[in-house]
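# A structural walkthrough
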Amino acid sequence: MTYRVVLLVADSDLATSLHVRFQEMADYAVIGSETTSGDLYAFVGSDPDIDAVLIHDGIESPSLMEVTRELIQRQPHVAVIWLSSYAGNEILAEAMEAGARGVLSQDASVEELTSRIAIAADWSRTMRRRMDSPGENPMGGQRGTVVSVVGAKGGTGSTTLAVHLAMATVAARRSVCLVDLDLQTGDIPTYLDVTHRRSMVDLVEVADSIDAAILADTIYVHPAGLHVLLAPEEGERGEDVNARVIRQVLGTLRTRYEVVIVDCGSYMTDATAMAVEAADKVLVTATPDLPALRAAKRIAKMWVRLQVRKEDELNLVLVKQNRRNEIQPDFAAKISGLSLLRATVPATFRSLETAANTGSPSDVDDNEFRRSVGQVAMEIGLVNGGSPKGRASPKKRVRDDSGNLFIEFLGIWPLILFIALVMWQMVMIGMTQMYASHAATEAARNAAVLGESPKWCPQPKKPPVICSTWQTIKDRSLARISTPWDDKNTFYLRLTGTNNYAVTGVRVPMVLPGLQSPWQLNARAKIVSERDGSS
């Protein structure tokens, strides 16, 4: 790792002296030495990898301050150091005002040059990484959102949620990097059907100088468009990844991706603690059972004690949620003491089992699961419709699709009304049959009591001339029927002489008012004469 330095020195003797001193310095190289400001601007503009520029105060025109300001305006990532013939607070104040990174004596020793240039060059490289061109950096220099997903305990689905959140965010046309920080037991390659040779461990040695080429060689690009930084295949190598490495890696990733999702697993290390501390949002996954919810509460208390994260900055996500569960979301929030996302992940074992075995998360065909993951992504602001970027207050709630229930109810309301009408019409038919039977029984009893011989009784449409009691029997039969069945114009009564039966017919009323039913139900009852006990 060689630091590249350019000199702007008008004095040839001083320039020669500086070259000699730089030859004694390992990992430092003078790649250019100019005598005028115009030549310096052209040289620095032609080489984007310059780390530091040393400017001597012996230049005449323009002034040292004007050259510094112009150079920083053209190349803001370049570190400028002044070389002065005298040292003091006044020259240091002028350098800071102009934007320089420090002041050195023109007679500075090799050790002083090494120390000051190293600090300035590290700053320059950090600025250069953050100010990459939009073609290389999808964020265009902006800060991306880092989301850490932590399992309250093993088996709570933190990896599943992280993978599907990443896929849902990619589907929303955002640049996403999924980081597998479960360094000992991480298994994201299985979920994505990935065969890899590079992992997080390969960034340990170069964490302070990560650039686009190193990331491109380490990150796996999934066919779906998801970028993945994987855990080492040998779990014991995960111990090499410490908190400093994670800070550098996440800091670099957030400058190149709009969203960085970190799967921290359920086992806390220095690396995962740093991921939780550096994240904009932290999701804690838990199943709706007492052991998992208590584990979520313990891990939140531990982070507070270690000053990693405050409890009100955590969001609990219920997975494997079902309406038949004994513990429902409101009660789960009270047990854990954490802010609960309104979106929950249902228990869809079969669909997830198939997707995990085939290494294709897009094969999950359960619409309820896919919708719930989309709601989680929306609620934490990863896709449109959620909260704005940055750390969100857990008290703020975002809109969800709970209003769809009312719309769906309005859609099926006509069907419900139609079924209700059909059921009530069936009730009307049953009651009609009951009243017809009551009327027939009453007619047979009255015909037997009054001693009317059935053979003399005429049909209902003929005037009752011979049968003087026929009208009485009909009136008494109608008395056994309630409104609206007791319509005299539709009621039918006939006394048969063949088998001595009283036959009645009652029209079935319609449910809807103003409509006449075409149906008529009949009933009959045997007439038993009470005079001689014979039929």
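Every value quoted in this text rests on a predicted model; they were computed, and no experiment measured them.

### Brief notes about the pairing of strand E7 (residues 176–180)
Burial within E7 is extensive, with 5 of its 5 residues counted as buried. Burial along E7 is two-sided: the residues Val176, Leu178 and Asp180 and Cys177 and Val179 are all buried. Bridge analysis of E7 against strand E10 (residues 259–265) gives 5 bridges, and the strand direction is parallel. Residue Val179 lies in a different strand from E10, and its bridge partner there is Val262. Where E7 meets strand E9 (residues 227–229), 3 bridges bridge the pair, whose relative direction is parallel. Paired with Cys177 across the two strands is His227, which belongs to E9.

### A closer look at the side chain of Glu442
Assignment of secondary structure puts Glu442 in helix H15 (residues 404–450). Among the polar contacts made by the side chain of Glu442, one reaches the side chain of Arg480 at a distance of 3.3 Å. Contact partners of Glu442, with chain neighbours within four places excluded, come to Arg476, Ser477 and Arg480.

### Concerning unusual backbone geometry
Within the chain, Arg173 stands out as a residue other than glycine whose phi angle is a positive 65°. Residue position: Arg173 is located in the loop between helix H6 (158–171) and E7. Judged by relative accessible area, Arg173 falls into the exposed class, the value being 79%. Within the chain, Lys320 stands out as a residue other than glycine whose phi angle is a positive 55°. In this structure, Lys320 sits in the loop between strand E12 (314–318) and helix H12 (329–336). When its relative accessible area of 36% is taken as the criterion, Lys320 is described as partly exposed.

### With respect to the packing of aromatic side chains
One pass over the full model with this rule turns up 1 aromatic pair. Residue placement shows Arg524 over the ring face of Tyr501; its charged tip is 4.3 Å from the ring centre. Just above the ring of Tyr501 sits the side chain of Lys526; from NZ or CZ to the centre is 5.1 Å.

### Thoughts on a nonpolar patch on the surface
A surface patch of nonpolar side chains, about 850 Å² in accessible area, is lined by Phe406, Ile407, Phe409, Leu410, Ile412, Trp413, Ile416, Leu417 and Leu421. With respect to the element layout, Leu417 can be found in helix H15. Taking the relative accessible area as the measure of exposure, Leu417 reaches 40% and is therefore partly exposed.

### Some details on the sheet that holds strand E3 (residues 52–56)
Taken together, 5 strands build an open sheet; the order of strands is E2-E1-E3-E4-E5 and the sheet is parallel. At either margin of the open sheet sits one strand with a lone partner, and together these are strand E2 (28–34) and strand E5 (102–105). In this sheet, adjacent strand axes meet at a mean angle of 25° when their direction is disregarded. Where strand E1 (residues 3–8) lies against E2, 6 bridges are found, and the strand directions are parallel. Within E2, the residue paired with Arg4 across the bridge is Ala29. Lying over the sheet, helix H4 (residues 89–98) contacts strand E4 (79–84) and E5, oriented at roughly 155° with respect to E4.

### Quick word on the packing of helix H2 (residues 37–46) against helix H3 (residues 64–74)
Two numbers describe how H2 lies on H3: the axes approach to 11 Å, and their chain directions differ by 20°. If you check the angle between H2 and H3, you find them roughly parallel. Here H2 runs over H3; the crossing is right-handed. Contact residues: Ser37, Leu40, Tyr41 and Val44 in H2; Glu66, Val67, Glu70, Leu71 and Arg74 in H3.

### A few points about the nonpolar core
Counting residues in each nonpolar core, the largest one holds 52 residues, and the members touching the most others are Leu229, Val241, Ile246, Leu253, Val262 and Trp303. With 7 residues, helix H11 (residues 290–305) is the single largest residue contributor to this core. Aside from chain neighbours lying at most four places away, what touches Val262 is Val146, Val147, Ser148, Val149, Val179, Leu181, Leu250 and Ala275. Residues Ile188, Leu283, Val364 and Ile380 belong to the second largest nonpolar core, which totals 34 residues.

Cut-off values and rules
Residues numbered from 1 in each chain as written. Predicted model: local features only at pLDDT ≥ 70, side-chain atom pairs only at ≥ 80, totals over all residues. Heavy atoms only, no water. Buried < 20%, exposed > 50% of the residue type's maximum accessible area, 1.4 Å probe, protein only. Helix = DSSP H or I, 4+ residues; strand = E, 2+ residues; numbered from the N terminus. Pairing = 2+ DSSP bridges. Polar contact = N/O pair within 3.5 Å; in protein donor to acceptor, adjacent residues only side chain to side chain. Contact = heavy atoms within 4.5 Å. Phe/Tyr/Trp six-rings, centres within 6.5 Å; stacked < 30°, edge-to-face > 60°. Lys NZ or Arg CZ within 6 Å of the ring centre and 35° of its normal. Patch = residues over 30% accessible without salt bridge, like charges linked within 9 Å, V, L, I, M, F, W, Y side chains within 5 Å. Areas by Shrake-Rupley, 256 points an atom, 1.4 Å probe, with all protein chains shown as cover. Salt bridge = Lys/Arg side-chain N within 4 Å of Asp/Glu carboxyl O. Axes fitted to C-alpha atoms, helices over the stretch in contact; angles between N-to-C directions. Parallel < 35°, antiparallel > 145°, perpendicular 65-115°, else oblique. Left-handed = near helix turned anticlockwise from the far one by under 90°. Core = buried A, V, L, I, M, F, W, Y, C linked by side-chain atoms within 4.5 Å.

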